[in-house]
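So you can see what is in the structure, the chains are spelled out below.
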Amino acid sequence: MIDQFINFVIRPPRVEYNPDQYLWERDFMLAGRSYKRQDLEIRNARGHVLQCSHYMPSPFPEDTPLPCVVYCHGNSGCRADANEAAVILLPSNITLFTLDFSGSGLSDGDYVSLGWHEKDDLKVVVSYLRGNKQTSRIGLWGRSMGAVTSLLYGAEDPSIAGMVLDSAFSDLFDLMLELVDVYKIRLPKFTVKMAVQYMRRVIQKKAKFDIMDLNCLKLAPKTFIPALFGHASEDKFIRARHSDLIFNAYAGDKNIIKFDGDHNSSRPQFYYDSVSIFFYNVLHPPQIPSTHSIKAEKYYDLGALKFGASMDQSLLYEIITGLRCASTDAASSSSAPPSILTAKPVDELLSEAVPITSKENSAVNEDEPSSFQDKLSGLSEECCSYTSSNRESWGRCSSLGGSDEESSADCAAADRNRQTTFNALATPVRSKHKSLELPKEEKKKKKAATGGKKTKHEKLEKLEALSKRLRLCIMRRVKHQRHLSS
């Protein structure tokens, strides 16, 4: 029984995993941006090879170093435990470094030391990041054994910008006495301390560290790094009082958050929000615009058009680019040189895409827009290609037209049905102008009839329908003008 308890401390179940299956992909998308996973190996002071991963933007911004958070896993964990941390930190322009400590995961080593040797592994990692010109400030995020590791190392390195300490224990000797009661090891009370002393000698012989040295209460009054403590209120493995003791003795700026759950339960969203705000305040990440906004704002003035929460920016810029190409092809001959893009509000581009005829040709039935919209959706389905991954999936239109034979046939048919097509295309714009002239009472009635706010799904469907209309408008307009010029 005592031998099993010793193995529970220094040789817990070891995780064996495939990095390409359990970590983020080597190239992945998150919150509309591209990131990459860079795997590397670092050798610690004892000669053990540590398997590490560094998550960062792809491509990395030039001449702009970013802050980095090192995630430290628990006693039977691995670097896959940092997958949730990537979702929280990367969108804030904070890179994430994670590793398998010696004796854990895929790294070398036979035993774990609950923070004693792990702090030396962390020292090697921080040294590597300090030599990297792409890294500015460094923060630590540890859970269980990783929280103790962060606290032990933070007492030696005051240059760390901030630490998140989730479920740290205050004193390993006291923790072992508590675990004897928790796991109901059948020993007389007067022999418990003698048994712990025996385990202390065995652990010292096997894992090369003394359990009496793992006392965070001795280091807390000497540590001044800003720290955010977290602990589950129903944790029976490391009770919440351990974090309370460290928090009360801690000398630096501090805050503590209690939440429902046990030692291994998933953390609530408000806790992750607090962690994100904490690291943002202590690391001061630079504000780097996304790739889409960099490319678009350089050429297009968005004017009064604003992006909603469910709006696909890249799809809108694709439509704007199509509008530019369509107007350029229609207005210039084949021998004319290409024109340079100039800034123009998006709302003007969208209005130019819909040809408006005179009032005499604009009389259509009320049922015509709905039937035409059905035709639009049917036609656009043929030219849509869908791409997906195991994390995200979405549909985008990859082309505007089909083969040459289909285009020539469409031009002939378009000449005969030109009047009807123009009237149908002008309907949405005309109805929009009419709606502006409606009195306030009728507007209120319409709002009451339509009900409350639209859901995100309805907004997304409306946006997709708008994009399909715009693409078809571009295609039809170019075909008509080319046919007339020929």
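Our subject is the structure listed above.
Report follows, based on the coordinates. Since this is a predicted model, take the numbers as computed values, not measurements.

About the criteria used
Every chain begins its residue count from 1, and numbering advances along the sequence as written. Under the rules for a predicted model, residues below a pLDDT of 70 receive no local features and side-chain atom pairs below 80 are neither given nor counted, while totals for whole chains, interfaces and linings still include all residues. Hydrogen atoms and water are omitted, and side-chain values are computed over all heavy atoms in the structure. The way it works is that DSSP assigns letters per residue, a run of H or I at least four long becomes a helix, a run of E at least two long becomes a strand, and they are numbered from the N terminus. We call two residues contacting when some pair of their heavy atoms lies within 4.5 Å. At least two bridges found by DSSP between two strands are what make those strands a pair. Axis angles are defined between N-to-C directions and span 0 to 180 degrees, where every axis is a line fitted to C-alpha atoms and, for a helix, only to the segment in contact. Here, the term nonpolar core denotes a set of buried Ala, Val, Leu, Ile, Met, Phe, Trp, Tyr and Cys residues that are joined through side-chain atoms within 4.5 Å. Categorising residues by exposure relies on relative accessible area from a 1.4 Å probe, with only protein chains included: less than 20% of the type maximum marks a residue as buried, more than 50% marks it as exposed, and the intermediate range marks it as partly exposed. N or O atoms within 3.5 Å of each other form a polar contact, as long as, within protein, one can give a hydrogen and the other can take it, and as long as residues adjacent in sequence are counted only when both atoms are side-chain atoms.

**So, the side chain of Ser92**
Thinking step 1. Mapped onto the fold, Ser92 is located in the loop between α3 (83-89) and β5 (95-99).
Thinking step 2. Excluding residues that lie within four positions of it along the chain, Ser92 makes contacts with Ser276 and Pro285.

**Thoughts on the sheet that holds β5**
Thinking step 1. Here we have 9 strands laid out as an open sheet, ordered β1-β2-β3-β5-β4-β6-β7-β8-β9, and mixed in their pairing. Every interior strand has two partners, whereas the edge strands, β1 (27-30) and β9 (254-259), have only one. For this sheet, the mean angle separating the axes of adjacent strands, direction not counted, is 20 degrees.
Thinking step 2. In the packing of helix α4 (residues 118-130) onto the sheet, contacts are made with β2 (33-43), β3 (49-57), β4 (66-72), β5 and β6 (135-143), and the angle to β6 comes to roughly 160 degrees.
Thinking step 3. Helix α10 (residues 269-283) rests against β4, β6, β7 (162-166), β8 (227-232) and β9 of the sheet, and its axis sits at about 150 degrees to β6.

**Quick notes on the nonpolar core**
Thinking step 1. Ranked by size, the top nonpolar core spans 59 residues in total, and within it Val70, Phe97, Leu172 and Ile203 carry the most contacts.
Thinking step 2. When near neighbours in sequence (up to four residues on either side) are disregarded, Leu172 contacts Leu114, Phe209, Ile211 and Leu214.
Thinking step 3. One finds Val69, Ala80, Leu228 and Val282 within the second-largest nonpolar core, a separate group that totals 33 residues.

**With respect to helix α5 (residues 145-154)**
Thinking step 1. A large share of α5 lies buried, amounting to 10 of its 10 residues.
Thinking step 2. Lining the buried residues of α5 we find β4, α4, β6, β7, α8 (216-219) and α9 (240-249).

**Considerations on the environment of His284**
Thinking step 1. By secondary structure assignment, the location of His284 is in the loop between α10 and α11 (291-299).
Thinking step 2. For His284, a relative accessible area of 49% puts it in the partly exposed group.
Thinking step 3. Between the C-alpha atom of His284 and that of Pro67, which follows or precedes it by 217 residues, the distance is 7.7 Å.
Thinking step 4. Apart from residues lying up to four places away in sequence, His284 is in contact with Arg137 and Phe279.
Thinking step 5. A polar side-chain atom of His284 sits 3.1 Å from the main-chain carbonyl oxygen of Asn281.

Read these as geometric descriptors, not functional statements.
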